[in-house]
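Analysis of the macromolecular model
Chain by chain, the residues run as shown.
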Amino acid sequence: MSHAPRIRTGSKSFPLIYTANVITLFTGDEFEREFGRPFDNGRDCVSVMSGSWNDRPVNVTGVLYNHDDRRSIQVLTDKTVQAGQWVRLCYMVALGA
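Nothing here was measured: the structure is a model prediction, and the numbers come from that model.

1. Side note on the packing of aromatic side chains
- Inspection of the entire model under this criterion finds seven aromatic pairs.
- When the ring of Phe-26 is compared with that of Phe-31, the centres are 5.8 Å apart and the planes differ by 85°; the resulting orientation is edge-to-face. The pair Phe-26 / Phe-31 is uniform in exposure class, with both members buried.
- Overall, Phe-31 belongs to the buried group, its relative accessible area being 1%.
- In textbook terms, an aromatic cluster arises when at least three aromatic residues are bridged by ring pairs, as seen for Phe-26, Phe-31, Phe-35, Phe-39, Tyr-65 and Tyr-91.

Laid out in structure tokens, this is it:
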């Protein structure tokens, strides 16, 4: 039996409906639907980068696992993204064994 992590990549594009420098990449329910189980903070890892630099130059400064709002994965950015702007984020998720 392999104990190597399973790696999944993808991107999400969405219009922001509010002004913020914290973007919710996955709610707990979305993560579970996409990856087949809840996020495990002790085994899993999420890495994110901007996928729309030419249109919306936003640096990703961190990724946060939020315990307080049902296990969401949130992305921190270096500047505020205005409401109504589109943002594309590319992600890599490593699901630990």
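So that's the structure; there's more coming.
2. A word on the sheet that holds strand 6 (residues 86-95)
- Judged by pairing direction, the sheet is antiparallel, and its three strands sit side by side in the order 1-6-3 without closing on themselves. Lying at the two open borders of the sheet, with one neighbouring strand each, are strand 1 (6-15) and strand 3 (45-50). Sheet twist, expressed as the average angle between the axes of neighbouring strands with direction ignored, equals 20°.
- Judged from the six bridges that link them, strand 3 and strand 6 form a sheet pairing that is antiparallel. Opposite Cys-45, over in strand 6, you have Ala-94 as the bridge partner.
- Strands in contact with helix 1 (residues 28-35) are strand 1 and strand 6; relative to strand 6, the strand with the most contacts, it is inclined by about 60°.

3. Considering the environment of Phe-35
- Mapped onto the elements of the fold, Phe-35 is located in helix 1.
- Expressed as a C-alpha distance, the spacing of Phe-35 and Val-58, which sit 23 residues apart in the sequence, is 26 Å.

Basis of the calculations
Residues numbered from 1 in each chain as written. Predicted model: local features only at pLDDT ≥ 70, side-chain atom pairs only at ≥ 80, totals over all residues. Heavy atoms only, no water. Phe/Tyr/Trp six-rings, centres within 6.5 Å; stacked < 30°, edge-to-face > 60°. Buried < 20%, exposed > 50% of the residue type's maximum accessible area, 1.4 Å probe, protein only. Pairing = 2+ DSSP bridges. Helix = DSSP H or I, 4+ residues; strand = E, 2+ residues; numbered from the N terminus. Axes fitted to C-alpha atoms, helices over the stretch in contact; angles between N-to-C directions. Contact = heavy atoms within 4.5 Å.

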